[in-house]
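# Remarks on the overall topology
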Amino acid sequence: MTLSNSDIADLRLHNQGLSKFRFMNPSNVVSQLGAVQAQDYSGAKWALGQRIQNATDAAINQSFNEGEILRTHLLRSTWHFVTPADIRWMLELTAPRVHAVNAYMYRKLELDDAILKRSNAVLTNALQRGRQLTRMELASAFKSAGIIADGLRLGYFMMYAELEGLICSGARRAKQFTYALLEERVPQVKALKREEALAVLTQRYFRSRGPATLQDFVWWSGLTMADARNGIEMVKSQFVSELINGQRYWFASSGSPASFREKSPKAYLLPNYDEYFIGFKDRSAIGEVARRSNLPENSPALIAHIIILDSQIVGGWKRTLKKDVVVIELNLITDLTKVQKRAIADAANRYGKFLDLPVELAGVD
């Protein structure tokens with residue numbers, strides 16, 4: 001069997017739980033995917049919602065506020081959703097690499113070991129006994145302690161504390177995020193040794209995102225090439241592999257790609273950092289339409305949220321929330337049939353249902 005780009009894309013749709021609902025709740029999605037990029041909180045909620053039948057924005061907010069899913073920095077220098085069961089071992093495995101990436105900014109902002117130790121003490125004192133505070137409230141605590149903490153400097157104080165496993169997300173207060181002490185927010189679970197953690201992370205990645213390559217895994221995980229190779233070596237017996245255009249793809253397969261292919265046309269309005277897109281260094285498998293359209297990678301149509309039709313990118317979309325309606329504007333990169341446009345309209349209506357708002361669609365007949 002030789003996989004085409006279309007086969008790879010179809011298998012990824014299935015393995016990520018997009019083409020068939022396989023997940024019961026937000027925690028289940030995040031656990032199975034390992035982690036879900038979440039600096040755009042609204043978009044990340046929709047990323048989870050598309051993988052859960054009858055999901056709502058309100059239900060995912062509730063799951064987040066109750067600590068069933070958490071939001072913190074790990075894997076790479078950005079926020080991810082992660083489960084309480086996974087946060088500690090995933091931080092221990094990936095935080096050293098993120099610290100290494102951040103080292104230049106630590107030096108630039110004059111964040112040496114002494115000031116970072118002081119900042120962690122301030123955060124511990126401010127948040128202990130179950131307090132959950134906003135970033136601005138914590139900035140006031142830094143000021144009271146005589147520590148300059150504003151702008152980027154405050155952001156890196158907070159990220160450092162997250163990477164050290166000191167703090168994590170608390171419940172939202174209206175539209176504001178709060179922070180909590182991880183030890184108070186997250187019950188203790190059995191620790192994983194480093195090799196165990198590496199094997200689990202590798203298994204989660206290729207089971208949920210395969211077919212994927214070593215380079216894809218390195219990009220997503222933030223691990224060194226050596227660690228990523230070691231992880232694949234430990235779990236490769238659980239996967240099949242295929243050499244395609246000089247690259248070895250690893251994936252779990254219980255059938256041919258055709259057996260997972262959805263009835264055409266099927267469309268998805270994915271958020272800008274959905275794992276179907278951001279989880280790979282090489283995204284060419286979903287770019288066949290863009291290539292035929294000679295579209296540059298920095299096209300405005302492709303740097304917003306993305307429209308997927310039959311596993312391929314066919315444009316971008318953006319939303320405007322109004323009091324009683326969500327306006328969805330489409331930017332298509334190819335001509336579509338009426339049936340294909342109807343599939344995209346159906347996808348837009350699914351988003352409206354998720355938000356419990358009617359949809360006003362622009363950019364398509």
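From a predicted model like this one, the values you see are computed outputs, not experimental measurements.

With that settled, consider helix α5 (residues 87-108). At Asn102, α5 shows its largest kink, close to 50°. Positive phi shows up at Glu110, right after α5, with a value of about 60°.

Next up on the list: the packing of helix α3 (residues 41-49) against helix α16 (residues 338-355). Between α3 and α16, whose axes approach to 11 Å, the crossing angle comes to 110°. Here α3 is positioned roughly perpendicular relative to α16, judged by the angle of their axes. Counted together, Lys45, Trp46 and Gly49 of α3 and Arg350, Tyr351 and Phe354 of α16 form the full contact between these two elements. Residues of the contact of α3 with α16, tallied by class, amount to three nonpolar, one polar and two charged.

Okay, the environment of Phe280 next. Checked against the element boundaries, Phe280 lands in the loop between α14 (275-278) and α15 (288-292). With sequence-adjacent residues up to four places away left out, Phe280 is seen in contact with Arg12, Gln16, Tyr205, Arg209, Pro211, Ala212, Asp216, Trp219 and Glu275.

By the definition in use, this model includes eleven salt bridges. The salt bridge involving Glu137 is made with Arg173; its shortest N-O contact spans 2.8 Å. Remark: Arg173 occurs in the loop between β5 (167-169) and β6 (178-181) and Glu137 occurs in helix α7 (residues 135-144); sequence separation between them is 36 residues. For Glu137, a relative accessible area of 31% puts it in the partly exposed group. Close ionic contact of Glu233 with Lys236 constitutes a salt bridge, the shortest N to O distance being 3.1 Å.

A separate point is the packing of aromatic side chains. Counting across every chain of the model gives 18 aromatic pairs. Plain terms: the ring middles of Trp46 and Phe354 are 5.0 Å apart, the flat faces sit at 50° to each other, and that makes the pair tilted. Of this pair, Trp46 sits in helix α3 while Phe354 is found in helix α16, placing the two residues 308 residues apart along the sequence. According to the relative accessible area criterion, Trp46 is buried, its value standing at 4%. An aromatic cluster of at least three residues, connected via ring pairs, comprises Tyr205, Phe206, Phe217, Trp220, Phe239 and Phe280. Against the face of Phe177 rests Arg71, its NZ or CZ located 4.3 Å from the ring centre. Lying over the aromatic face of Trp219, Arg76 brings its terminal NZ or CZ to 4.9 Å of the ring centre.

The rules we used
- Residues numbered from 1 in each chain as written.
- Predicted model: local features only at pLDDT ≥ 70, side-chain atom pairs only at ≥ 80, totals over all residues.
- Heavy atoms only, no water.
- Bend = angle between axes of the 7 residues up to and from the residue.
- Helix = DSSP H or I, 4+ residues; strand = E, 2+ residues; numbered from the N terminus.
- Axes fitted to C-alpha atoms, helices over the stretch in contact; angles between N-to-C directions.
- Parallel < 35°, antiparallel > 145°, perpendicular 65-115°, else oblique.
- Contact = heavy atoms within 4.5 Å.
- Nonpolar A, V, L, I, M, F, W, Y, C, P; charged D, E, K, R; others polar.
- Salt bridge = Lys/Arg side-chain N within 4 Å of Asp/Glu carboxyl O.
- Buried < 20%, exposed > 50% of the residue type's maximum accessible area, 1.4 Å probe, protein only.
- Phe/Tyr/Trp six-rings, centres within 6.5 Å; stacked < 30°, edge-to-face > 60°.
- Lys NZ or Arg CZ within 6 Å of the ring centre and 35° of its normal.

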